[in-house]
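# Inside the fold
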Amino acid sequence: MDLLHRAKREHGKYLNPVPTTTGGFGLIFKVLPLYLRNRADREPEVPLGPFRTDVRAFRQPPASGLRVTWFGHSSMLLEIDGARILIDPVWDQRASPVQWFGPQRFFAPTMPLEQMPELDAILISHDHYDHLGAGTVRRLAQTNATARAVWVTSAGVGKRLRKFGVPEGRIAELDWTQSTELATAELGQGLRITAWPSRHFSGRAPWDRFTTLWSSFVIEGPKHRVFFGADSGWWDGFAEIAAHYEGFDLTMLEIGAYHPLWADIHLGPDGAARAYQSMGGAAKAGRLMPIHWGMFTLALHGWRDPITRLEELATSDGLVLWTPEPGVATEVVEGSGRSRWWAGRPG
């Protein structure tokens, strides 16, 4: 069954690739009692870190051709075959419409935005606050690092970026199955970014849900290929996306903000393990990098629960995990990226 196609709309709103329950206003009456009874350590007892990015690392390209600097949650700098792509950057203090209330960062940014190296692209998967920080985009749009960069995003999100100061002509909005090419002097060949369906939703207010698109992405250069799953619940599309490619060096899947009430729109660690295996496991999906955790309190579970559970699954299911320390520029090579930075911390 071919589940991969351009996004469909109904009454001006985008639809998920398969029937999906996202929860409406009534969900609050189910969730509120759970929050009131909850005793999990949903955030660290003391702020994490400090974590630091040594920006001198960016003066030299990665010897392997593939390097990732994970800034926490779903934010990272991907260096792939001569190109630099900043993904879902959130330097804002809170993942919220306002900066005086809402989910607050567990640790400070590992480097100033103003020290970001020159970028070829900024990739924004969808418009939720924990993936698109308004203050972050405003600052980035004014830095030298983005002077020639393309802002690649899902259909409809361009209006958000323009509002935050990104020039119209520098935005590439993609529908599912569409691609855009990046060409740099270092590459010699083009680097392709392709948007694929994911099972989630969008919106920055209760009244504008589903008016912009949400996507996963494949980023492929001449030598390396990465799958960025962004936000998604489980669906058979993971296997179908993987079937379009010979394999991946790194597969990034979300593990945080999960609960049975929103299982359709978030994988959690068990769903991530299932998706990774459906994509071919280590033989085809490469290393599994857990994202969307360790930064904000967005669910009922303890802040370490997602990674603790994923490690348990890795032991029994043969998952090849890749978990670099926040802020450290780490090459995707044998023996790298197995920090357990979260272990032994209070709370």
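Conventions we followed
- Residue indices begin from 1 for each chain and proceed along its sequence in written order.
- For this predicted model, a pLDDT threshold of at least 70 governs which residues receive local features, and a threshold of 80 or more governs which side-chain atom pairs are given and counted, while totals over whole chains, interfaces and linings are taken from all residues.
- Where side-chain values are given, they derive from all heavy atoms of the structure, hydrogens and water being excluded.
- Here a strand is any run of E in DSSP of at least two residues, a helix any run of H or I of at least four, and the numbering for each starts at the N terminus.
- Of the grid points, spaced at 1 Å and generated over the protein atoms alone, those admitting a 1.4 Å probe that cannot get out make up cavities, while open sets with protein on both sides within 12 Å along at least five of seven lines make up pockets; any residue with an atom within 4 Å of a point is treated as lining.
- Grid points are joined across faces, edges and corners, and a volume is the space filled by probe spheres set on the points.
- Here the nonpolar group is Ala, Val, Leu, Ile, Met, Phe, Trp, Tyr, Cys and Pro; Asp, Glu, Lys and Arg are the charged ones; every other residue, Gly included, is treated as polar.
- How far a helix is expected to stretch is found by multiplying one less than its residue total by 1.5 Å.
- Buried means the residue's accessible area, taken with a 1.4 Å probe over protein chains only, is under 20% of the maximum for its type, while exposed means over 50%, and partly exposed covers the values in between.
- This arc is built from the directions going out from the helix axis to the C-beta atoms.
- Note on definitions: a residue-residue contact is assigned when non-hydrogen atoms from the two residues lie within 4.5 Å.
- Salt bridges are identified by distance alone: a Lys or Arg side-chain nitrogen within 4 Å of an Asp or Glu carboxyl oxygen.
- Between any two strands, at least two bridges found by DSSP are needed for them to pair.
- Here the aromatic set is Phe, Tyr and Trp, taking the six-membered ring for Trp, and pairing holds for ring centres within 6.5 Å; pairs whose planes are under 30 degrees apart are stacked, those over 60 apart are edge-to-face, and all others are tilted.

## Overview of the environment of Gly165
- By secondary structure assignment, the location of Gly165 is in the loop between helix 3 (158–163) and strand 8 (171–174).
- Sequence separation of Gly165 and Ala239 is 74 residues, and the distance between their C-alpha atoms is 37 Å.

## Comments concerning empty space enclosed by the protein
- Tallied over the entire structure, the rule returns two cavities of 30 Å³ or more.
- A volume near 100 Å³ is recorded for the largest cavity.
- Gly294, Phe296, Thr297, Leu298 and His301 are, among the 15 residues lining the largest cavity, the residues nearest its centre.
- Its residues placed into classes, the lining of the largest cavity shows eight nonpolar, six polar and one charged.
- Of the volumes computed, that of the second largest cavity is approximately 30 Å³.
- Lining the second largest cavity are Trp70, Met289, Pro290, Trp293, Trp322, Thr323, Pro324 and Trp341.
- A class-by-class count of the residues in the lining of the second largest cavity yields seven nonpolar, one polar and no charged.

## Focus on helix 7 (residues 305–317)
- Helix length check: helix 7 (13 residues) gives 18 Å between terminal C-alpha atoms against 18 Å at 1.5 Å per residue, within 8%.
- Those residues of helix 7 not exposed but buried are Pro306, Ile307, Leu310, Glu311, Leu313 and Ala314. Each buried residue of helix 7 lies within a common arc of 165 degrees when the element is viewed along its axis, so the set occupies one face. Those residues of helix 7 that are exposed and angled more than 90 degrees off the buried face are Thr315 and Ser316.
- Close packing links the buried residues of helix 7 with helix 5 (268–278) and strand 14 (287–291).
- Directly after helix 7, the chain includes Gly318, whose backbone phi takes a positive value near 75 degrees.

## Quick word on the environment of Ala155
- Mapped onto the fold, Ala155 is located in the loop between strand 7 (150–154) and helix 3.
- With 18 residues separating them along the chain, Ala155 and Glu173 place their C-alpha atoms 4.8 Å apart.
- When near neighbours in sequence (up to four residues on either side) are disregarded, Ala155 contacts Tyr14, Glu173, Leu174, Asp175, Thr212 and Leu213.

## Focus: the pattern of salt bridges
- Counted according to the given criterion, the structure contains 18 salt bridges.
- For Asp54, the salt bridge goes to Arg56, with nearest N and O atoms at 2.9 Å.
- What makes Asp54 partly exposed here is its relative accessible area of 39%.
- In this structure Arg56 comes out as exposed when scored by relative accessible area, which is 53%.
- Bridged by salt links that share partners, the residues Arg67, Glu79 and Arg84 form one connected network.

## With respect to the pairing of strand 9 (residues 179–182)
- Of the two faces of strand 9, only one is covered, namely that formed by Thr180 and Leu182; the face formed by Ser179 and Glu181 stays uncovered.
- Direction of pairing for strand 9 relative to strand 10 (residues 191–196): antiparallel, over a ladder of four bridges. Each bridged residue has a counterpart across the sheet, and for Glu181 the counterpart in strand 10 is Arg192.

## Quick word on the packing of aromatic side chains
- Applying the stated rule across the entire model yields 20 aromatic pairs.
- An aromatic cluster is built from Phe51, Trp70, Phe106, Phe107, Trp293, Trp303, Trp341 and Trp342, whose rings are joined through pairwise contacts.

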